[in-house]
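Here is what each chain is made of, one letter per residue.
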Amino acid sequence: MRSCAASWNARERRGAILAAGCPTGAGTLSSAARPNTVIEIDGLSKRYAREVFALHDVTMRVGRGEFAFLTGPSGAGKTTLLRILLRQEVPTAGRVLVDGRDLAALGPADVQRYRRTLGFVFQDFKLIPRKTVFENVIFALRILGVPDVQQRRRTFQVLKWVGLQHRANAFPLELSGGEQQRVAIARALVNEPVLVLADEPTGNLDPDLALEIMNLFREMNAGGTTVLVATHDRELIHHVGRRTIALDHGSVTESA
Amino acid sequence: MRSCAASWNARERRGAILAAGCPTGAGTLSSAARPNTVIEIDGLSKRYAREVFALHDVTMRVGRGEFAFLTGPSGAGKTTLLRILLRQEVPTAGRVLVDGRDLAALGPADVQRYRRTLGFVFQDFKLIPRKTVFENVIFALRILGVPDVQQRRRTFQVLKWVGLQHRANAFPLELSGGEQQRVAIARALVNEPVLVLADEPTGNLDPDLALEIMNLFREMNAGGTTVLVATHDRELIHHVGRRTIALDHGSVTESA
Amino acid sequence: MIAGLTYFVTEAWASVWRGRSAAILSVLTIAIAAFVLGLFLLVAGHVQRTVDQWSRSAELSVYLRDESTDGERAAVRNVLRATPSVAAVEFVSKTAALARFRKNFPELAPATDSAADNPLPASFEVRLGSDQSAAAVERLSARVSRMAGVADVRYDRRWLDRLVSLGNFVRWTGLLLAGVLVLAAALTVTNVVRLSLYARRDEIEIMELVGAPLSFIRGPFVCEGMIQGGLGAVVALALLRVALTLSAPRLSALAAGLFEVGRIEFLSGLSVAGLIVGGMAVGCLGGLVASRRIH
Amino acid sequence: MIAGLTYFVTEAWASVWRGRSAAILSVLTIAIAAFVLGLFLLVAGHVQRTVDQWSRSAELSVYLRDESTDGERAAVRNVLRATPSVAAVEFVSKTAALARFRKNFPELAPATDSAADNPLPASFEVRLGSDQSAAAVERLSARVSRMAGVADVRYDRRWLDRLVSLGNFVRWTGLLLAGVLVLAAALTVTNVVRLSLYARRDEIEIMELVGAPLSFIRGPFVCEGMIQGGLGAVVALALLRVALTLSAPRLSALAAGLFEVGRIEFLSGLSVAGLIVGGMAVGCLGGLVASRRIH
Ligand SMILES: Nc1ncnc2c1ncn2[C@@H]1O[C@H](COP(=O)(O)OP(=O)(O)OP(=O)(O)O)[C@@H](O)[C@H]1O
Ligand SMILES: Nc1ncnc2c1ncn2[C@@H]1O[C@H](COP(=O)(O)OP(=O)(O)OP(=O)(O)O)[C@@H](O)[C@H]1O
Ligand SMILES: [Mg+2]
Ligand SMILES: [Mg+2]
């Protein structure tokens, strides 16, 4: 395992104990022969009831092990695109393949299994208010059927990464906005997903912390995980310097 | 009334109809002889049950008609400070005066009346999910007892300012993150408050839109409204170029 | 004031309407409580009336000595008449008593024919009112039997006791059941309103943070409780009416044997109004209790 | 499997515990439904038993001709014995009848003394079983009265009809009430679980988005329903027991007049077990129905 202490220097200045270890990345599931493109979207359109199109004829690819940003102004369709990838929304038209699987062909049980292989950071965090930080994060492991001891070890590790292990027993409503966002990130990473989809994961974080979180994603990515991050933060994109897919009014305007 | 079309150019590029009029600012209530300092905080501390201090011995002033930023890393205490100013939280120690009123001395009915004179943008938006965008915004006017026709006119006006009048009949959950944030801003401005407190009001907006919203606050400010905005966005602070109060670990570290 | 009321009602109605399926369930639950209460009132009313009728047919016989004077007889009659639990007093002369005996026991007619004199005494047949207690009848009997000219006082004590007890039993358990059911209805409404409040706690918190007056927040919930309670009662009454109509043929057969009227009657207008107003009051209370949680 | 069950129970219990006040309210509501049901079972059981006892004391008298032969009498007795609704048959000879008459009507003793021969007929006194219908008794009476050696058949038709009707009435409305109450309990549980589900719809949505299996999401709700239903039944039974003990003196006085046993008895072990299991089943059903909404 590589050392990943370097990226945590900024955190250590804040006094959090973060030397626990680095993300290991790479999926534990889907070990079959995998295609080289993880996300394959063709002619995707999405229209919400009677309203205008949130997405219109979007075609894009994200390769295995790639790290890409999704940008665009408010209401461009970033969240809609990510939700379709989570199978939270169903497209009006077009085809979406993830890891070679056609999302339209998944039955209810398949959808559950598929979602368990993903890591998703929601724009509005989506933490369970009646569960503590620790319970919120460990839940994603529990449904995987991981042995109990391992569940707890891994959960503490991930909470350390995001600098929140001292808040493990707090309830989400007792956290600051940025802390909640970091819990959401911890939950997305705890199951060592093959694909991480993050919707504005640093909107409530200060620039230093945002960069640290991005480094966390980079570490995951270096371990083989594919990462797609929707963000407005030009500075951050500039700093990280990876491929950017720009949306506007539901269409791809730039895909460099 | 001054023309405020200049600040809306960027919006017009997006196609929204925004020429409706400019914010008029200045409170409709509290017409008594007013002190020159709107916010006066002395030795304020806040400790949540058994936990460490979220705020520690904070002393600061915000003058009438001032526009100030509140910054600091995640968990620094920004939201806590603003919530104390809304009387949503009660301080552990210290004195808080707003417009000369000691917040500790307010009875339940006074708190209601006091809150109605404020404009507050919550970090997590706090929109009522069962009400449409329009109903969410008009509600703040209805409790003021403003005549019906005026309520509707003013609501449409404010929704135009934030570029959302075409989404007036949508429910909050049918909006993108940035759109929800703008509804929250519209609600804060609709009652022409004397004091606007905004918690990370542009965290979900792209830089262009963020700047436009800041211009909206500036217009309000030019009309006499005092504005205090908590934000992480250094670029934005830099662009707007106003006084900045920095918090870290619950203490004021900088107040230029 | 009117504007405020309109606001409450519209808000409450919107809340009921938007949460339709939950509202339907809760109205149904309340309706069932009201239905059981109504059904119970109906049954208890009829049983009570039946027992009353049966009791009324219970009689007390005051046998007079052959040698009693007219004055003594008048005194006895006056005492009986003056007793509140006595509904009617009828004099049966020696001759009338013999005639009745012959009619009732034709096998014995020859025996009484052959007898020289009439062995049957004259008597007062006393019909008792429906509100007599066994103890009162016993007191009356003891008092009259000590009077001059009275040979004996008889009544079918076993039957009377039974009927009075049955009447008391029905009344007593009826009160208990009715009380419990009203409590159940109130609890149901409280529960429903509380849970709907719980489901909307974010909304309430937001209203508070925006500075809405308490009445603005509570009003709709109180109103919602009233609407649900009233609707529940109306639904219950409608159901009861339909149930009664549908089961009329069956019930009539049963009723024929039981009630002298021979048919089941619906609740009185007063009971109907009482149930509806009661439903609304209980709903209102539920809403108030539930929204007390808001500080 | 065991791990899953433990998860459901812990989750359900945590849910009940965290939402204590709501859970208490809903358990109380269910308890009241169960309480009413239990109380009703208790009352109906006692009324039914009383009516049965009363009915059992209803008798049919078959008067025999003085000139009837022993063979004819044996034939009548056999017919009576062979009839299912007949509980017991007793022969009363002419001499026994006269003795009883003298005892019952002492005033008339001189009259019967003076008569040369005994005017009273011999008879079979028939005690009827508790399950007889008025029609069956009528058929029996018609059949026997046409037999050789029978002079007349008499029974107090009015009373018998009344008692049979009352028995039917209690049974019938009892069934109806019980059905409605079970429905009410089921609705209450559904309602409560549904609303608690509604209050946690965000949580459920999140679980779905994280890929939790359906059983993981539904299990706790079904379990919660069962816990609430079971607790409700237990609370109801405890309340009923306490209520009975507290009102024992009052009730005994009432019961003395009504029931031959002279005391009120608690529900049978079977009824108790039935109520608890029923409560849990109904709760489980409520949880299932409520959580069906999750797709
Ligand atoms: N459930 C819905 N029903 C109707 N319209 C919706 C719904 N969800 C999103 N929309 C609309 O679709 C468009 C795209 O929304 P989306 O959330 O994808 O934007 P976004 O790029 O994520 O914006 P932001 O940066 O503000 O989060 C918006 O105009 C929004 O109002
Ligand atoms: N209700 C609460 N109970 C306990 N602790 C709380 C509560 N609310 C906030 N805190 C803690 O107080 C500290 C300050 O929180 P606050 O929300 O004020 O931070 P912030 O500056 O707004 O951060 P952010 O930029 O992430 O929103 C944090 O450590 C947080 O965990
Ligand atoms: Mg979005
Ligand atoms: Mg904050």
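Everything below is about the structure printed above this text.
Caption draft 1: Structural detail: the overall build of chain A. Of regular secondary structure, chain A possesses eight helices and 10 strands. Considering chain A as a whole, with its 256 residues, one finds that 57% of them fall into the buried category. For chain A, long-range pairs separated by at least 24 residues make up 71% of all intrachain contacts whose partners lie at least 6 apart in sequence. By element, 51% of the accessible surface of chain A is carried by carbon and sulfur atoms, the whole surface being about 10100 Å².

Caption draft 2: Up close: the site of ligand 1. Neighbouring residues of ligand 1: 19 residues in total, closest A:T79, A:T80, B:R167, B:G178 and B:E179. This site is not confined to one chain, since residues near ligand 1 come from chains A and B. In this structure, B:S176 approaches ligand 1 through a side-chain N or O atom, which is 2.7 Å from an oxygen atom. Within the complex, the protein chains bury 90% of what would otherwise be the 640 Å² of accessible surface of ligand 1.

Caption draft 3: Inspection of the coordination of the magnesium ion (ligand 4) at higher detail. Coordination of the magnesium ion (ligand 4) by the protein involves B:T79 (OG1) and B:Q123 (OE1), with metal-donor separations of 1.8 to 2.3 Å. Residue B:T79 is located in helix α2 (residues 78–85), and its partner B:Q123 is located in the loop between β6 (118–121) and α4 (133–142); the two are separated by 44 residues in the primary sequence.

Caption draft 4: Here's a closer look at the site of ligand 2. Surveying the vicinity of ligand 2 reveals 19 residues, the closest of which are A:R167, A:G178, A:E179, B:T79 and B:T80. Neighbouring residues of ligand 2 are not confined to a single chain but are spread across chains A and B. Taking A:S176, its side chain carries an N or O atom lying 2.7 Å from an oxygen atom of ligand 2. In the environment of ligand 2, an oxygen atom lies 2.6 Å from a nitrogen or oxygen atom belonging to the backbone of A:G178. For ligand 2, whose unbound accessible area comes to 630 Å², protein coverage reaches 90%.

Caption draft 5: Focus on the packing of aromatic side chains. Under the defined criterion, the tally for this structure stands at 10 aromatic pairs over all chains. Taken together, a centroid distance of 6.4 Å and an interplanar angle of 70 degrees make the contact between A:F139 and D:F216 edge-to-face. Placement of A:F139 in helix α4 (residues 133–142) and of D:F216 in helix α9 (residues 214–246) is noted, with the two residues assigned to different chains. Take A:F139 and D:F216: they sit in the same class, and that class is buried. Just above the ring of A:F122 sits the side chain of A:K126; from NZ or CZ to the centre is 5.9 Å.

Caption draft 6: Representation of the packing of helix α6 (residues 177–190) of chain A against helix α7 (residues 207–222) of chain A in the model. Residue and element names in this part refer to chain A. For the pair α6 and α7, interaxial distance at closest approach is 12 Å and the crossing angle is 5 degrees. Judged by the angle between their axes, α6 and α7 are roughly parallel. The residues of α7 that touch α6, namely those facing R182, I185 and L189, are L209, I213, L216, F217 and M220.

Caption draft 7: Inspection of the sheet that holds strand β8 (residues 226–230) of chain B at higher detail. All names here are of chain B. If you walk across this open sheet you meet the six strands as β6-β7-β8-β3-β9-β10, and the pairing is mixed. Every interior strand has two partners, whereas the edge strands, β6 and β10 (251–255), have only one. Adjacent strand axes in the sheet meet at a mean angle of 15 degrees when their direction is disregarded. Two strands pair when backbone bridges link them, and β6 and strand β7 (residues 195–199) are joined in this way by four bridges, in the parallel orientation. Bridge assignment links V121 to a residue of β7, and that residue is A198. Across the sheet, helix α6 (residues 177–190) touches β6 and β7, and the angle it forms with β6 is around 170 degrees.

Caption draft 8: Structural view of the sheet that holds strand β7 (residues 195–199) of chain A. All names here are of chain A. Taken together, six strands build an open sheet; the order of strands is β6-β7-β8-β3-β9-β10 and the sheet is mixed. In the strand order of this sheet, the two ends are held by β6 (118–121) and β10 (251–255), each with one partner. Recorded for the sheet is a direction-independent mean angle of 15 degrees between the axes of neighbouring strands. Contacts between helix α2 (residues 78–85) and the sheet are confined to β3 (67–71), β6, β7, β8 (226–230) and β9 (243–248), with β7 contributing the most and set at about 150 degrees to the helix. In this fold α6 packs onto β6 and β7, with an angle of close to 170 degrees to the strand it touches most, β6.

Caption draft 9: Quick peek at the pairing of strand β9 (residues 243–248) of chain B. All names here are of chain B. By the bridge criterion, four bridges tie strand β3 (residues 67–71) to β9 in an arrangement that is parallel. Looking at the pairing, T71 lines up with A246 of β9. In terms of strand pairing, β9 meets β10 through four bridges, oriented antiparallel. In the sheet register, I245 faces β10, and the bridge partner there is S255. Between β9 and β10, which follow one another and run antiparallel, lie two residues, and H249 among them has a positive phi close to 50 degrees.

Caption draft 10: View of the coordination of the magnesium ion (ligand 3). Looking at the magnesium ion (ligand 3), the protein donor atoms are A:T79 (OG1) and A:Q123 (OE1), and they sit 1.8 to 2.2 Å from it. Overall, the relative accessible area of 15% leaves A:Q123 in the buried class.

Caption draft 11: Region of interest: the state of the cysteines. Per the counting criterion, the structure on display carries zero disulfides over all chains. Unpaired in this structure, D:C223 has its nearest cysteine sulfur neighbour in D:C284, at a distance of 8.6 Å.

Caption draft 12: A look at the environment of C:L64. Residues and elements named next belong to chain C. With respect to the element layout, L64 can be found in strand β1 (residues 59–64). Owing to a relative accessible area of 1%, L64 belongs among the buried residues under this scheme. Considering only alpha carbons, one finds L64 and G229, 165 residues apart in sequence, at a separation of 62 Å. Look past the residues within four positions of L64 in its chain and what remains in contact with it is R73, F91, P121, A122, S123, F124, G149, V150 and A151.

Caption draft 13: Just a nonpolar patch on the surface, in detail. A cluster of nonpolar residues, C:W13, C:W17 and C:L231, forms a patch on the protein surface that exposes about 330 Å² of accessible area. With respect to the helices, strands and loops of the structure, C:L231 is situated in helix α9 (residues 214–246).

Caption draft 14: Up close: the side chain of B:Q181. Here B:Q181 lies in helix α6. Apart from the residues lying within four places of it in its own chain, the contact partners of B:Q181 are B:F125, B:E200, B:P201, B:T202, B:G203, B:N204 and B:L205.

Reading guide: rules and limits
Residues numbered from 1 in each chain as written. Chains lettered and ligands numbered in written order. Predicted model: local features only at pLDDT ≥ 70, side-chain atom pairs only at ≥ 80, totals over all residues. Heavy atoms only, no water. Helix = DSSP H or I, 4+ residues; strand = E, 2+ residues; numbered from the N terminus. Buried < 20%, exposed > 50% of the residue type's maximum accessible area, 1.4 Å probe, protein only. Contact = heavy atoms within 4.5 Å. Areas by Shrake-Rupley, 256 points an atom, 1.4 Å probe, with all protein chains shown as cover. Near = heavy atom within 4 Å. Polar contact = N/O pair within 3.5 Å; in protein donor to acceptor, adjacent residues only side chain to side chain. Donors = N, O, S within 2.8 Å, 3.2 Å for Na, K, Ca; no water. Phe/Tyr/Trp six-rings, centres within 6.5 Å; stacked < 30°, edge-to-face > 60°. Lys NZ or Arg CZ within 6 Å of the ring centre and 35° of its normal. Axes fitted to C-alpha atoms, helices over the stretch in contact; angles between N-to-C directions. Parallel < 35°, antiparallel > 145°, perpendicular 65-115°, else oblique. Pairing = 2+ DSSP bridges. Disulfide = S-S within 2.5 Å. Patch = residues over 30% accessible without salt bridge, like charges linked within 9 Å, V, L, I, M, F, W, Y side chains within 5 Å. Salt bridge = Lys/Arg side-chain N within 4 Å of Asp/Glu carboxyl O.

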